[in-house]
Amino acid sequence: MADAAPAEPVSHGYAPALRLPRRHWQLLRLTLPFVLALCAVLGLAIACIYLQSAARAYAGGESEWSKAQKRAVIHLQQYAASGDLSEYQAYLSALLISDGDRLAREELERPQPDMQRVEAGFVAGQNHPGDVPGMALLYRHAQWLPQIRQASEIWKQADRELGKLRQHGERLHQLRQQSGNAVQLEQELALIRQVDERLSVLEQAFSQTLAEATHMTDLALMWLLVGVALLLTCIGLLFTRRMLRQQEQQQQAMFAIEQRYRVFFEASIDAVALVKPEGEIIDVNPAACRVFGYSRNELIGIHRNQLVDPDNEKTRQAIRARTGSGHYRGHINYRRKDGGWFTAEISSTQFIDADGKSKYSVVLRDITERLQQEEEIRQLNSHLEERVAQRTAELQQTTRELEAFCHSIAHDLTTPLRALNGYATLLQEEYGEQLDEQARFYLQRSREASLRMSRLIDALLGLDRHARQRLQRINVDLSGLAQQLLQRLQDETPHPVTLDIESGLTVQADPGMCRELLWQLLSNAWKFTRSRDDARISICRVGNESPALFCVRDNGIGFDMAFGHKLFRVFSRLHTPGKDDGIGMGLAVVQTIVDRHGGRVWAEAEEGSGAAFYFSLEPQVNHSESSKTAT
């Protein structure tokens with residue numbers, strides 16, 4: 001098999017370098033849902049851990065907040081007892097932690113919070129800067145959780161209680177500076193203890209609420225993980241079942257395809273071989289074994305060079321073509337097992353097998369016998385052309401001889417006719433008085449017969465001329481031509497006639513033949529209407545179909561349609577000779593001219609009511625049979 005050298009795979013609807021193998025696509029389809037679900041679980045877990053971390057940060061902040069509040073109360077009590085201003089300053093310093101948390105909370109409640117101020121507030125409240133984004137996110141976007149919403153309300157209530165603590169602290173400071181009595185100081189301290197007790201309750205509630213939120217988050221994460229695990233298990237089972245079903249269907253489809261391929265491969269009347277790029281044959285069908293004379297086992301594994309001539313130009317051309325385009329079709333000479341050579345028509349195509357490797361298929365057919373037959377046909381055609389040319393030359397020579405013979409015969413016939421007519425004329429002129437009436441009648445009939453015979457000979461020559469004349473189609477004005485011919489008839493044999501010539505009648509035809517055709521039809525119409533006082537002659541186009549159909553109509557004596565089949569024959573006349581002049585050649589000329597143009601002509605008539613002649617001068621592919629007298 002004339003196989004190409006190893007080459008890069010050529011694209012024939014394939015894209016091996018750009019497409020994943022089918023098994024990789026199946027693996028990707030199987031794992032992609034699990035990967036997406038895992039990513040979703042990881043995302044949710046990270047979000048939950050992030051929220052838990054923020055909740056724990058709030059719990060730690062609450063601890064610092066609670067400690068600072070307790071220290072503030074203790075410093076106030078010590079300040080009331082001792083009056084030491086450093087204790088009051090320590091009280092104010094302790095309140096800075098709660099003030100920072102309050103400022104951060106108030107900023108987060110704004111529509112567009114300033115995150116720098118939020119961070120500064122939380123940091124002042126003894127929170128780690130790394131926890132601030134999570135704390136802000138939890139406060140702004142987790143208010144839909146009941147525990148978070150409840151913790152926020154407790155925080156706000158605690159800030160209001162701290163406000164009251166500040167008021168009591170300021171009054172205590174004023175009393176201490178003004179040396180107030182012990183009763184007033186004790187009253188303020190009692191109020192401060194009450195605030196402290198309420199704050200302790202709020203701090204405990206805040207811590208408990210955050211603990212519940214953290215616990216619920218842990219439970220939600222756990223159940224979410226369980227649900228996702230179950231979901232992934234169900235998805236895995238469904239996809240596994242689907243993949244198994246698809247794999248089974250694919251195996252069945254592959255089996256069916258392999259069966260069809262094997263049936264085609266084994267039953268093909270053409271030899272088929274599969275070949276590696278380096279030229280080694282890997283499989284052949286029975287037809288290949290018959291063509292080459294080898295068994296299948298002998299052909300499998302041999303190199304192409306054992307079957308072809310690698311130095312042959314056709315072989316090299318096939319290799320170059322298939323290397324360049326991946327496909328070759330042409331003729332190559334092959335060697336059989338017995339050493340004989342044959343010419344095969346091959347079609348070779350590169351393809352990619354299931355393993356992604358390049359292979360070649362070669363389909364070949366032994367055409368040695370066909371080439372021999374074609375050569376014989378060419379030789380026969382050559383001889384046939386020579387014989388046709390020879391016969392054509394002989395026919396042309398015979399035609400010229402017949403034409404010369406016809407003209408010679410016409411000349412030989414007209415010469416005695418002219419002599420007969422001349423002698424009859426002299427006899428009538430010189431001896432007419434000596435002849436009786438019957439003899440003069442016979443003499444006159446002899447002259448008329450000779451003249452009629454002469455006209456018949458001239459008409460036959462004219463008919464032959466029209467049959468052999470070269471046809472030249474140009475645009476002919478039938479309306480103007482009919483006007484000229486009718487004027488000529490009026491000048492030669494005048495009689496009253498009403499003319500109706502449709503304007504703008506044109507046709508692609510030979511102008512000389514058109515003139516002769518119209519002359520024959522119009523002269524007949526003129527001749528057969530001369531006995532009528534209301535004579536009418538018309539020429540018009542019938543319908544608008546293509547090719548154009550024309551009609552010459554008169555209201556003359558007409559004829560019997562029972563004899564219409566004789567109308568266009570040579571020498572056929574439907575009227576008594578002598579009654580209406582004519583030799584029966586006019587309509588035969590019309591038929592000849594119409595036939596030369598590939599058209600058709602027919603007549604419709606009624607005796608005593610005139611006649612209508614229809615004709616077309618252009619070829620017509622199909623037309624239905626008419627009941628009219630058509631020829």
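Summary of the structure given here.

## Some thoughts on the overall build of the chain
Logical step 1: Across its full length, the chain carries 14 helices and 13 strands.
Logical step 2: Looking at the chain residue by residue over its 631 residues, the buried ones come to 37%.
Logical step 3: Considering only contacts in the chain between residues 6 or more positions apart, those separated by 24 or more positions represent 65%.

## Topic: the sheet that holds strand 3 (residues 327–335)
Logical step 1: The strand order across the open sheet formed by five strands is 2-1-5-4-3, and the pairing between neighbours is antiparallel. If you trace the sheet from one side to the other, it starts and ends with strand 2 (281–284) and strand 3, each paired once. Geometrically, the sheet is characterised by an average inter-axis angle of 30° between neighbouring strands, direction not taken into account.
Logical step 2: Where strand 3 meets strand 4 (residues 341–352), nine bridges bridge the pair, whose relative direction is antiparallel. What sits directly across from Y328, in strand 4, is S348.

## Let's talk about the packing of aromatic side chains
Logical step 1: In total, this model carries nine aromatic pairs according to the counting rule given.
Logical step 2: With centroids separated by 5.2 Å and ring planes inclined at 45°, the aromatic side chains of Y79 and Y88 adopt a geometry described as tilted. Just as Y79 is buried, Y88 falls in that class too.
Logical step 3: Every member of this aromatic cluster is reached through a ring pair, and the members are Y79, Y88 and Y91.
Logical step 4: Across from the ring centre of W155, 5.8 Å away, lies the NZ or CZ of R105, which sits over that ring.

## What to know about the pattern of salt bridges
Logical step 1: Under the definition given, this model contains 23 salt bridges.
Logical step 2: Here E186 makes a salt bridge to R193, at a shortest N to O gap of 3.1 Å.
Logical step 3: Between R532 and D534 there is a salt bridge, with its nearest N and O atoms 3.3 Å apart.
Logical step 4: By relative accessible area, R532 is classed as partly exposed at 28%.
Logical step 5: Connected through shared salt-bridge partners, D99, R102, E106 and R166 make up one network.

## A closer look at the pairing of strand 9 (residues 536–541)
Logical step 1: Sheet analysis places strand 7 (residues 498–501) next to strand 9, joined by four bridges and oriented parallel. Across the sheet, L499 pairs through a bridge with I537, a residue of strand 9.
Logical step 2: Taken together, the five bridges between strand 9 and strand 10 (residues 550–554) define a ladder with antiparallel strand orientation. By the bridge assignment, R541 is partnered in strand 10 with F550.

## Observations regarding the environment of S179
Logical step 1: Structurally, S179 is set in the loop between helix 5 (146–177) and helix 6 (182–267).
Logical step 2: When the C-alpha positions of S179 and G83 are compared, they lie 9.4 Å apart, and in sequence the two are 96 residues distant.

## Overview of the nonpolar core
Logical step 1: By size, the foremost hydrophobic cluster in this structure holds 42 residues, and its most contacted members are Y58, F122 and L165.
Logical step 2: Looking at this core, the elements with two or more residues in it are helix 1 (22–82), helix 2 (85–108), helix 3 (115–124), helix 4 (132–141), helix 5 and helix 6.
Logical step 3: No other element matches the 10 residues that helix 1 contributes to this core.
Logical step 4: The contacts of Y58, once residues within four sequence positions are left out, are L108, F122, M135, A136, L138, Y139, W155, F206 and L210.
Logical step 5: The next biggest cluster of nonpolar side chains, apart from the first, holds 40 residues, and it includes L522, V601, A611 and F615.

## What about the side chain of S523?
Logical step 1: Looking at where S523 falls in the secondary structure, it is placed in helix 13 (residues 511–528).
Logical step 2: With near-sequence residues (within four places) excluded, S523 lies in contact with L489 and L518.

## Some words on the packing of helix 2 against helix 5
Logical step 1: Following both chains from N to C, one finds helix 2 and helix 5 inclined at 155°, their axes separated by 11 Å at the closest point. By the criterion of interaxial angle, the relationship of helix 2 to helix 5 is roughly antiparallel. The two elements helix 2 and helix 5 cross, and the hand of that crossing is left-handed. Residues L85, Y88, Y91, L95, S98, D99, D101, R102 and R105 of helix 2 touch helix 5, and the partners they reach there are W155, K156, D159, L162, L165, R166, G169, E170, H173 and Q177.
Logical step 2: Class assignment for the residues of the contact of helix 2 with helix 5 results in seven nonpolar, four polar and eight charged.

## Thoughts on unusual backbone geometry
Logical step 1: Look at the link from S546 to P547: it is a cis peptide, with omega at 5°.
Logical step 2: Topologically, P547 is positioned in the loop between strand 9 and strand 10.
Logical step 3: At Q126, a position not held by glycine, the phi torsion is positive, near 70°.
Logical step 4: With respect to the helices and strands, Q126 occurs in the loop between helix 3 and helix 4.

## Here we look at a nonpolar patch on the surface
Logical step 1: Nonpolar side chains collect at one region of the surface, where L219, M222, W223, V226 and L230 lie side by side and expose about 510 Å² of accessible area between them.
Logical step 2: Within the secondary structure layout, W223 lies in helix 6.

## Remarks on helix 12 (residues 478–492)
Logical step 1: Taking 1.5 Å of rise per residue, 15 residues should cover 21 Å, and helix 12 covers 21 Å from first to last C-alpha, within 8% of that figure.
Logical step 2: Burial in helix 12 covers these residues: L478, S479, L481, A482, L485, L486 and L489. The buried residues of helix 12 occupy an angular sector of 160° when the element is viewed end-on, so they sit on one face.
Logical step 3: Buried residues belonging to helix 12 abut strand 6 (474–477), strand 7, strand 8 (506–509), helix 13, strand 9 and strand 10.
Logical step 4: Two or three places before S479, at the opening of helix 12, D477 has a side-chain oxygen 3.2 Å from that residue's backbone nitrogen.

## Quick look at the environment of S358
Logical step 1: Note that S358 resides in strand 5 (residues 358–366).
Logical step 2: In sequence terms S358 and V275 are 83 residues apart; their C-alpha atoms lie 9.4 Å from each other.
Logical step 3: Those residues in contact with S358 that lie beyond four places of it in its chain are P277, Q350, F351 and I352.

## Overview of the pairing of strand 3
Logical step 1: Burial of the side chains of strand 3 is restricted to one face: Y328, G330, I332 and Y334 are buried, whereas none of H327, R329, H331, N333 and R335 on the reverse face is.
Logical step 2: Count of turn residues in the strand 3/strand 4 antiparallel hairpin: five residues, of which G339 carries a positive phi of about 95°.

## Concerning the environment of A124
Logical step 1: Position of A124 among the secondary structure elements: in helix 3.
Logical step 2: Sequence separation of A124 and L96 is 28 residues, and the distance between their C-alpha atoms is 7.1 Å.
Logical step 3: With residues up to four places along the chain from it excluded, the contact list for A124 reads L96, I97 and G100.

Thresholds, definitions, all that
Residues numbered from 1 in each chain as written. Predicted model: local features only at pLDDT ≥ 70, side-chain atom pairs only at ≥ 80, totals over all residues. Heavy atoms only, no water. Helix = DSSP H or I, 4+ residues; strand = E, 2+ residues; numbered from the N terminus. Buried < 20%, exposed > 50% of the residue type's maximum accessible area, 1.4 Å probe, protein only. Contact = heavy atoms within 4.5 Å. Pairing = 2+ DSSP bridges. Axes fitted to C-alpha atoms, helices over the stretch in contact; angles between N-to-C directions. Phe/Tyr/Trp six-rings, centres within 6.5 Å; stacked < 30°, edge-to-face > 60°. Lys NZ or Arg CZ within 6 Å of the ring centre and 35° of its normal. Salt bridge = Lys/Arg side-chain N within 4 Å of Asp/Glu carboxyl O. Core = buried A, V, L, I, M, F, W, Y, C linked by side-chain atoms within 4.5 Å. Parallel < 35°, antiparallel > 145°, perpendicular 65-115°, else oblique. Left-handed = near helix turned anticlockwise from the far one by under 90°. Nonpolar A, V, L, I, M, F, W, Y, C, P; charged D, E, K, R; others polar. Patch = residues over 30% accessible without salt bridge, like charges linked within 9 Å, V, L, I, M, F, W, Y side chains within 5 Å. Areas by Shrake-Rupley, 256 points an atom, 1.4 Å probe, with all protein chains shown as cover. Expected span 1.5 Å × (residues − 1). Arc of directions from axis to C-beta. Polar contact = N/O pair within 3.5 Å; in protein donor to acceptor, adjacent residues only side chain to side chain.

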